[in-house]
Amino acid sequence: MVNKIWLSAVLLSVIILFVNAQYDDVRCKCVCPSPTIANGTENNKKVYLKNTVPQDCKCVYVVDPLPPGVDQDFCLRCSCKFEVRNTTTIKVVVGIITSILGLLVIYMMFLLCLDPLMNRRQRARAYQEHQNEEETLPSESISNGVESTSRPRSTTLVNRVTDRLKDGQEKWKGTVKAQRRNIFDEHTMLN
């Protein structure tokens, strides 16, 4: 598996190094209306490209040969611009972006391989159901009328905490009601 990935990466890098597309650093770009449009009210444009020197960046030289059935006024409606671009910079930027994406893919693969190891540890420490820690009273003490001292204390503590939470909740509900009344009825804000 690793050999296949390694071989693919080497093959891809060799292809990238030896493939040269036909891009030039200088060109003349003429944007003309489509020759099929007679009245010129539509916005369909056609782009003509040619590698020329700046002096020859004119419609007559770039749109060669002129489309059939087109008069000499066709070139008056064209907009020609001479463009200079640095394809080496474009290749470097594309290479950097490709490298970053490759690193992110490698990082994702690493995380995917690491995920089962992490889950194995979590399964070992799986959640165990929590049992109530209340002490159950023996049946003899209940039948004899003897109460355990630990049960009333824990119940009293729970009741205090519950009462405190209920009081806080009621106070919060009252504050919300007051805010609603002030904002919607009196159109004022609380400070």
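Residues numbered from 1 in each chain as written. Predicted model: local features only at pLDDT ≥ 70, side-chain atom pairs only at ≥ 80, totals over all residues. Heavy atoms only, no water.

## Re the state of the cysteines
Okay, step 1: On inspection of all chains with the given rule, the structure shows four disulfides.
Okay, step 2: The disulfide bridge from C30 ends at C80, spanning 2.0 Å between sulfur atoms. On the S-S bond that ties C30 to C80, the torsion sits near 110°, and the link is right-handed. Linking C30 in strand β1 (residues 26-33) with C80 in strand β3 (residues 79-84), this pair joins segments that are 50 residues apart in sequence.
Okay, step 3: The partly exposed category is assigned to C80, whose relative accessible area is 27%.
Okay, step 4: The disulfide that involves C59 links it to C75, with 2.3 Å between the sulfurs. Every disulfide takes its handedness from the sign of the S-S torsion; for C59 and C75 that torsion is -65°, giving left-handed. (Disulfide = S-S within 2.5 Å. Helix = DSSP H or I, 4+ residues; strand = E, 2+ residues; numbered from the N terminus. Buried < 20%, exposed > 50% of the residue type's maximum accessible area, 1.4 Å probe, protein only.)

## Overview of a nonpolar patch on the surface
Okay, step 1: Nonpolar side chains collect at one region of the surface, where V92, V93, I96, I97, I100, L101 and L104 lie side by side and expose about 630 Å² of accessible area between them.
Okay, step 2: Topologically, I97 is positioned in helix α3 (residues 87-124).
Okay, step 3: In this structure I97 comes out as partly exposed when scored by relative accessible area, which is 46%. (Patch = residues over 30% accessible without salt bridge, like charges linked within 9 Å, V, L, I, M, F, W, Y side chains within 5 Å. Areas by Shrake-Rupley, 256 points an atom, 1.4 Å probe, with all protein chains shown as cover. Salt bridge = Lys/Arg side-chain N within 4 Å of Asp/Glu carboxyl O.)

## Let's talk about the nonpolar core
Okay, step 1: With 11 residues, the main nonpolar core is built from C28, C30, C32, Y48, C57, C59, V62, V63, F74, C75 and C78.
Okay, step 2: Broken down by secondary-structure element, the contributors of at least two residues to this core are β1 and α2 (59-62).
Okay, step 3: A total of three residues in this core trace back to one element, the largest contributor, which is β1.
Okay, step 4: When sequence neighbours within four positions are dropped, the list of residues in contact with C28 reads Y48, L49, K50, T52, C57, K58, V62, C80, K81 and F82. (Core = buried A, V, L, I, M, F, W, Y, C linked by side-chain atoms within 4.5 Å. Contact = heavy atoms within 4.5 Å.)

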